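Remarks on the overall topology
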Amino acid sequence: MAAPGFSDAKRAAHAAAVAALARGEGPAGATRAVIVATDAFFDQVRVALDLDAMLARIACTAGCSWCCHQIVGVTTAELALLSDTIAAMPPERQTRIKTRATDAMTQGRGLDQGQWWAARIRCPLLEDDGLCGIHADRPLPCRAYNSADANICRRSYLGEKLRAPVLAAQHGIWAHAQAGLIQALSETGIAPGPVSLAEGVERMFITSQRSP
């Protein structure tokens, strides 16, 4: 039997999101369902393609955050999950995220991906210790990204024109999972986006200030 492919990842994510929306779990619940379904799908691929040796060479570790300085395109559903996660944080943490989001958009509004990267604008959800502040609920593109060489990531961050060596299976599966989520949202009449992560977080706080 053929190994599962990227189109299968999209179908699994789409089915999970549609089911969650039908259960009334909303966009945030749809994102959670996609994450669970895609984690399970990736595990099937890991076994089918014997990826353990490749996964062992992934250099990404807690505190390594060179890649967290780029524009990340997310859906409105992923932002809904982040909104729930941030709303559950203590007020002082929310204030820090709000300040970082405002700073990021002050520097980066109107910039393209290359310009944003060159300006080294950090993700507003990246903490000062280099850890992701919402790691368990991080967006799908963040789950897709990986590198087998952290030094290449560092050198790229510092300005060299380099491309990190990635595990294509991880990158492609999560990208197609996001496509499945977008499809499910569109079919349900929910505008899917995309929205840049930093801009979405900034809007989140602006909207909450306007709410009665």
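Located above this text is the structure these notes cover.
Sequence order as written defines the numbering, with residues in each chain counted from 1. The predicted nature of this model means local features are confined to residues of pLDDT at least 70 and side-chain atom pairs, given and counted, to a pLDDT of 80 or more, with totals for whole chains, interfaces and linings taken over all residues. Side-chain calculation: all heavy atoms of the structure are included, whereas hydrogens and water are not.

The next point concerns the packing of aromatic side chains. Ring geometry is summarised as follows: Phe, Tyr and Trp rings, the Trp one being its six-membered ring, pair when their centres sit within 6.5 Å, and such pairs are stacked at plane angles under 30 degrees, edge-to-face over 60 and tilted between the two. Counted under the stated rule, the structure contains 2 aromatic pairs. Relative to Tyr157, the ring of Trp66 has its centre 5.2 Å away and its plane inclined at 50°; by these criteria the two rings are tilted. Of the two residues, Trp66 sits in the loop between helix 3 (52-56) and strand 1 (73-74) while Tyr157 sits in helix 8 (residues 150-157), which places them 91 residues apart along the sequence. Burial classification: accessible surface area is computed with a 1.4 Å probe over protein chains only, and a residue below 20% of its type maximum counts as buried, one above 50% as exposed, and the rest as partly exposed. For Trp66, a relative accessible area of 27% translates into the label partly exposed. Residue classification places Tyr157 among the buried residues on the basis of a relative accessible area of 17%. With a centroid separation of 6.2 Å and an interplanar angle of 80°, the aromatic rings of Trp117 and Tyr157 are classed as edge-to-face. Here the residue Trp117 occupies a position in helix 6 (residues 113-119), and Tyr157 occupies one in helix 8, the gap between them amounting to 40 residues. Members of the aromatic cluster, joined through ring pairs, are Trp66, Trp117 and Tyr157. Arg120 extends its terminal NZ or CZ atom over the ring of Tyr157, reaching a point 5.4 Å from the ring centre. Numbered from the N terminus, helices here are DSSP runs of H or I no shorter than four residues, and strands are runs of E no shorter than two. The criterion is that NZ of a Lys, or CZ of an Arg, lies within 6 Å of the ring centre and within 35 degrees of the ring normal, and then a charge sits over that ring.

It is worth spelling out the packing of helix 1 (residues 6-22) against helix 9 (residues 168-187) at this point. Running from amino to carboxyl end, helix 1 crosses helix 9 at an angle of 40°, the nearest separation of the two axes being 7 Å. By the criterion of interaxial angle, the relationship of helix 1 to helix 9 is oblique. Our pair here, helix 1 against helix 9, has a crossing hand that is right-handed. Whenever a helix is involved, its axis is fitted only over the stretch in contact; in every case the axis is a line through C-alpha atoms, and angles between N-to-C directions fall within 0 to 180 degrees. Working rule for angles: under 35 degrees goes down as roughly parallel, over 145 as roughly antiparallel, 65 to 115 as roughly perpendicular, anything else as oblique. Left-handed describes a crossing whose near helix is turned anticlockwise from the far helix through less than a right angle; right-handed describes the clockwise counterpart.

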